[in-house]
Amino acid sequence: MGDFKLHIHKQGTGSPTIILESASGSASNVWHDIPNELATFATVVTYDRGGYGWSEKASSDRTGVNIAKELYSALKKEDIEGPYILVGHSLGGMYSRLFAKLYSDEVEGVVLIDSRHEGYSEKLTRFC
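Below or above, wherever it landed, is the structure these notes cover.

With respect to helix 2 (residues 64-77)
Residues spaced three or four apart along an α-helix face the same direction, because each turn holds 3.6 residues.
For step 1, the next point in the chain: Its 14 residues give helix 2 an end-to-end C-alpha distance of 20 Å, which sits within 8% of 20 Å, the value for a rise of 1.5 Å per residue.
For step 2, the next point in the chain: Packing partners of the buried residues in helix 2 comprise strand 1 (8-11), strand 2 (17-21), strand 3 (43-47), strand 4 (84-89) and helix 3 (91-102).
For step 3, the next point in the chain: One or two positions beyond helix 2, positive phi appears at D79, with a value near 55°.

See below:
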């Protein structure tokens, strides 16, 4: 999956691997010092989704499932193993939940920060 390069940054060592999933329109640097603090006791991964930050533009449709699969492929390509704890902010929470559903055997936990759910856009349309 993914004929483009995702910008992915790994720091720290040990298990679990904490993956920080940014909000819509945000690059990986939005987490400021949080990755550095977490890296004192775990492996921490930040990355930019296709077309954001330092990642190349993706050629696939920007669906949640594609985004989750692209992240998984990049983790495997970089030999970044689980178990994973996903931390998703806003839209990143939806992608984290999809990742956890697709790769449940490798996910140990999910932390949602002001997260959107999968039906967010559908409900918004009904009320507007």
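Comments concerning helix 3
For step 1, the next point in the chain: Under the 1.5 Å per step criterion, the end-to-end length of helix 3 is 17 Å for 12 residues, consistent within 8% with the ideal 16 Å.
For step 2, the next point in the chain: With 9 of 12 residues buried, helix 3 is to be regarded as a mostly interior element.
For step 3, the next point in the chain: Taken residue by residue, helix 3 has L91, G92, G93, M94, Y95, S96, L98, F99 and A100 as its buried positions.
For step 4, the next point in the chain: For helix 3, the secondary structure elements touched by its buried residues are strand 2, helix 2, strand 4 and strand 5 (107-113).

Some remarks on the nonpolar core
For step 1, the next point in the chain: Ranked by internal contacts, the top residues of the largest apolar core, which has 22 residues, are I8, I19, L75 and F99.
For step 2, the next point in the chain: Among the secondary structure elements, those contributing two or more residues to this core are strand 3, helix 2, strand 4 and helix 3.
For step 3, the next point in the chain: Of all hydrophobic cores here, the second largest spans 8 residues; its members include I18, L20, L38 and V87.

Examining unusual backbone geometry
For step 1, the next point in the chain: For the peptide bond that leads from S15 to P16, omega is 10°, which places it in the cis range.
For step 2, the next point in the chain: Cis peptide bonds are those with omega within 30 degrees of zero, and the linkage from G82 to P83 qualifies with 10°.
For step 3, the next point in the chain: Structurally, the position occupied by P83 is in the loop between helix 2 and strand 4.
For step 4, the next point in the chain: The phi angle at D79 is positive, at roughly 55°, despite the residue not being glycine.
For step 5, the next point in the chain: Even without being glycine, D114 reaches a positive phi, approximately 45°.
For step 6, the next point in the chain: By the element assignment, D114 lies in the loop between strand 5 and helix 4 (120-127).

So, the sheet that holds strand 1
For step 1, the next point in the chain: Read across the sheet, 5 strands follow the order 1-3-2-4-5 without closing on themselves; strand pairing throughout is mixed. Looking at the sheet topology across the chains shown, the edges are occupied by strand 1 and strand 5. Averaged over all adjacent pairs, the angle separating strand axes in this sheet is 20°, with direction ignored.
For step 2, the next point in the chain: By the bridge criterion, 4 bridges tie strand 1 to strand 3 in an arrangement that is antiparallel. Residue I8 lies in a different strand from strand 3, and its bridge partner there is Y47.
For step 3, the next point in the chain: Here helix 3 sits on the sheet and contacts strand 2, strand 4 and strand 5; the angle it forms with strand 4, its principal contact strand, is near 150°.

Concerning the pairing of strand 3
For step 1, the next point in the chain: Within strand 3, 5 of the 5 residues are buried, which leaves it mostly tucked inside the rest of the structure.
For step 2, the next point in the chain: Neither face of strand 3 is open: one carries T43, V45 and Y47, the other V44 and T46, and all of them are buried.
For step 3, the next point in the chain: Where strand 2 meets strand 3, 4 bridges bridge the pair, whose relative direction is parallel. Paired with I19 across the strands is V45, a residue of strand 3.

What counts as what
Throughout this document, residue positions are counted from 1 along each chain, in the order its sequence is written. Local features are withheld for residues below a pLDDT of 70 in this predicted model, meaning they are given only at 70 or higher, and side-chain atom pairs are given and counted only at 80 or more; totals for whole chains, interfaces and linings count all residues. Side-chain calculation: all heavy atoms of the structure are included, whereas hydrogens and water are not. Helix and strand labels come from DSSP, where a helix needs a run of H or I of at least four residues and a strand needs a run of E of at least two; each type is numbered from the N terminus. A helix is expected to span 1.5 Å for every residue after the first. We call two residues in contact when some of their heavy atoms are within 4.5 Å. Each residue's exposure class comes from its accessible area (1.4 Å probe, protein chains only) as a fraction of the maximum for that residue type: buried when under 20%, exposed when over 50%, partly exposed otherwise. Nonpolar cores were defined as sets of buried Ala, Val, Leu, Ile, Met, Phe, Trp, Tyr and Cys residues, with membership established by side-chain atoms within 4.5 Å. A pair of strands is labelled paired if DSSP reports no fewer than 2 bridges between them. To define axes, lines are fitted to C-alpha atoms, for helices over the stretch in contact only, and angles between the resulting N-to-C directions are given on a 0 to 180 degree scale.

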